[in-house]
Amino acid sequence: MGTLAVISDLHVDINQLFDPHLQLIADYLQQNQVTHLHLAGDVANKKQRLLDVVAFFQSRQVPTTFHWGNHEMVDLTEQEIEAFDDPAFLNFQTYRLSEKTQLLGINGWYDYQYSDLTSEAEILRLKNLFWYDRMIQRKGSDKEISQAINERLAETLAHLPQDQEILLSTHFVPQEAFIVRQTGKYARWNHLNAFLGSPDFGAVIDQYANVRAVVFGHTHRRFEKKVLAGTSYYCRPFGYYYEWQLTRRFVLENHLAEAYSPTKVRTLLRNHHEAFEDYKTAHLLEELAQAITLLPY
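Treat the numbers as computed from the prediction; the structure is a model and nothing was measured. (Residues numbered from 1 in each chain as written. Predicted model: local features only at pLDDT ≥ 70, side-chain atom pairs only at ≥ 80, totals over all residues. Heavy atoms only, no water.)

Engineer: What is the right way to look at the environment of S261 in this model?
Structural biologist: Note on placement: S261 falls in the loop between α8 (245–253) and α9 (262–270). Residue class for S261 comes out partly exposed when judged on its relative accessible area of 24%. Considering only alpha carbons, one finds S261 and R222, 39 residues apart in sequence, at a separation of 18 Å. Among the polar contacts made by the side chain of S261, one reaches the side chain of T263 at a distance of 3.0 Å. (Helix = DSSP H or I, 4+ residues; strand = E, 2+ residues; numbered from the N terminus. Buried < 20%, exposed > 50% of the residue type's maximum accessible area, 1.4 Å probe, protein only. Polar contact = N/O pair within 3.5 Å; in protein donor to acceptor, adjacent residues only side chain to side chain.)

Engineer: Mind showing me how you'd approach unusual backbone geometry here?
Structural biologist: When glycine is set aside, most residues are seen to have a negative phi, and most peptide bonds are trans. Phi is positive for H11, close to 45°, though the residue is something other than glycine. Checked against the element boundaries, H11 lands in the loop between β1 (3–7) and α1 (19–31). Judged by relative accessible area, which is 0%, H11 ranks as buried. Even without glycine at this site, H220 takes up a positive phi of about 55°. Among the secondary structure elements, H220 is positioned in the loop between β7 (211–216) and β8 (226–228).

Engineer: What is the right way to look at the pairing of strand β2 (residues 36–40) in this model?
Structural biologist: Here is the key point about a regular strand: its side chains alternate between the two faces of the sheet. Across the 5 residues of β2, 5 count as buried, placing the element largely inside the fold. A two-sided burial pattern is seen for β2, the buried positions comprising H36, H38 and A40 on one face and L37 and L39 on the other. Note: β1 against β2, 4 bridges, orientation parallel. Directly across from A5, in β2, lies its bridge partner L37. Regarding the hand of the β-α-β motif, the stretch spanning β1, α1 and β2 is right-handed. (Pairing = 2+ DSSP bridges. Right-handed = clockwise from strand over helix to strand, strands pointing away.)

Engineer: Help me out: how do you make sense of the UniProt feature "domain: Calcineurin-like phosphoesterase" (unreviewed entry) in the chain in this one?
Structural biologist: In the UniProt entry, the feature "domain: Calcineurin-like phosphoesterase" (unreviewed entry) is given for residues 3–221. With 32% helix and 16% strand, residues 3–221 has its two end C-alpha atoms placed 24 Å apart. (UniProt positions renumbered as here; feature names shortened; annotations may be inferred.)

Engineer: Please explain the side chain of N107 as it appears in this structure.
Structural biologist: With respect to the helices, strands and loops of the structure, N107 is situated in the loop between β5 (101–106) and α5 (120–130). Given the relative accessible area of 2%, N107 is considered buried. Here N107 is in contact with H67, W68, M73, I81, F89, N91, T170, H171 and F172, once residues within four sequence places are set aside. (Contact = heavy atoms within 4.5 Å.)

Engineer: Which parts of the structure should I look at to understand the sheet that holds β2?
Structural biologist: Pairing is mixed in the open sheet, where 4 strands are placed in the order β3-β2-β1-β10. Bordering the open sheet on either side are β3 (64–67) and β10 (293–296), each of which pairs with just one other strand. Taken pair by pair, the neighbouring strands of this sheet meet at an average axis angle of 20°, ignoring direction. The sheet contacts of helix α2 (residues 47–59) involve β2 and β3, and relative to β3 the element is tilted by about 160°. (Axes fitted to C-alpha atoms, helices over the stretch in contact; angles between N-to-C directions.)

Engineer: When you look at the packing of α1 against α2 in this model, what are you seeing that I'm missing?
Structural biologist: Helix-helix packing is characterised by the crossing angle of the two axes and by the distance between the axes. Relative orientation of the contacting elements α1 and α2 amounts to 45°, with a least axis distance of 10 Å. Between α1 and α2, the interaxial angle falls into the category oblique. By crossing handedness, the relation of α1 to α2 is classed as right-handed. On α2, the residues touching D19, L22, Q23, I25, A26 and L29 of α1 are V53, F56 and F57. (Parallel < 35°, antiparallel > 145°, perpendicular 65-115°, else oblique. Left-handed = near helix turned anticlockwise from the far one by under 90°.)

Engineer: I'm lost on the nonpolar core in this one. Help?
Structural biologist: Generally speaking, nonpolar side chains in soluble globular proteins are found buried as a group. L29, L39, F57, F66, L153 and L168 are the most contacted members of the largest nonpolar core, which totals 83 residues. Here this core gets 6 residues from one element, more than from any other, and that element is α2. With residues up to four places along the chain from it excluded, the contact list for F66 reads H38, L39, L50, L51, V54, F84, D86, A88, F89 and L90. Counting 12 residues, the second largest nonpolar core, distinct from the first, contains L90, L97, L167 and Y297. (Core = buried A, V, L, I, M, F, W, Y, C linked by side-chain atoms within 4.5 Å.)

Engineer: Whenever I open this one, α8 confuses me. Can you help?
Structural biologist: Two residues of an α-helix separated by three or four positions point the same way, owing to the 3.6 residues in each turn. Those residues of α8 lying buried are L246, T247, F250 and V251. For α8, the angular spread of the buried residues around the axis is 135°, confining them to a single face. The inward-facing, buried residues of α8 abut α9 and α10 (273–289). H255 sits one or two positions beyond α8 and adopts a positive phi of about 55°. (Arc of directions from axis to C-beta.)

Following this line, the structure appears as structure tokens:
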């Protein structure tokens, strides 16, 4: 018996998480008797920074694996994205957790199906205008990449022993149930759902009863657990510091603003940097508790 912990969207560079913060997380994992940690993408913007984070947890006797998110992919070649040479990297690879349970890691991708736009040209225009992934160099269109991944997922699951319990981690959104449809002045954000994931990925999972749980992130929005076609889905990304509940509390408790606005808080915090850093360190594990998935096996 053991416990798998999955964390997505740590963004250690943007969130300015350094070794003392990572040590707090390592202590939390040990206190919760975590026997394996998996990092589900967007750990950092640079490949080496992610590898440093993996090495940090491994040096604290926390067995750790990972796959990429879109943020790391900017710093990678196509070959590295799909088949990175590191024993801790899981992309269509499994890690045996116990005699009956395996962890399967898959980067994932997107195919625009979640968008309310029907014009692929318009979707690509928006992507190239300001979406972070415009800097990623990949072979093939987004739809072609996503289709190939979904087909490979089907092949991978078909060849895994059906009496083995599979805990699957990916970065992108695999089910429509986790897509938020905005209304009113925020409705334009529905266009950008194009880059969140692929429902076809989830449709493949639906065919395999031995996939007990799926954990992912990327949304920067946390959801309650959902059970779909007999599989439990968990989406609890850590996200950016200006999205955290602890940051909201810091601003409101100190009366720094009458109402909390994530888009304005970055400027506000620059003027209270030292106080916020102290508060962040003191309350980081409270935020982590809301942004970590613990799965016994």
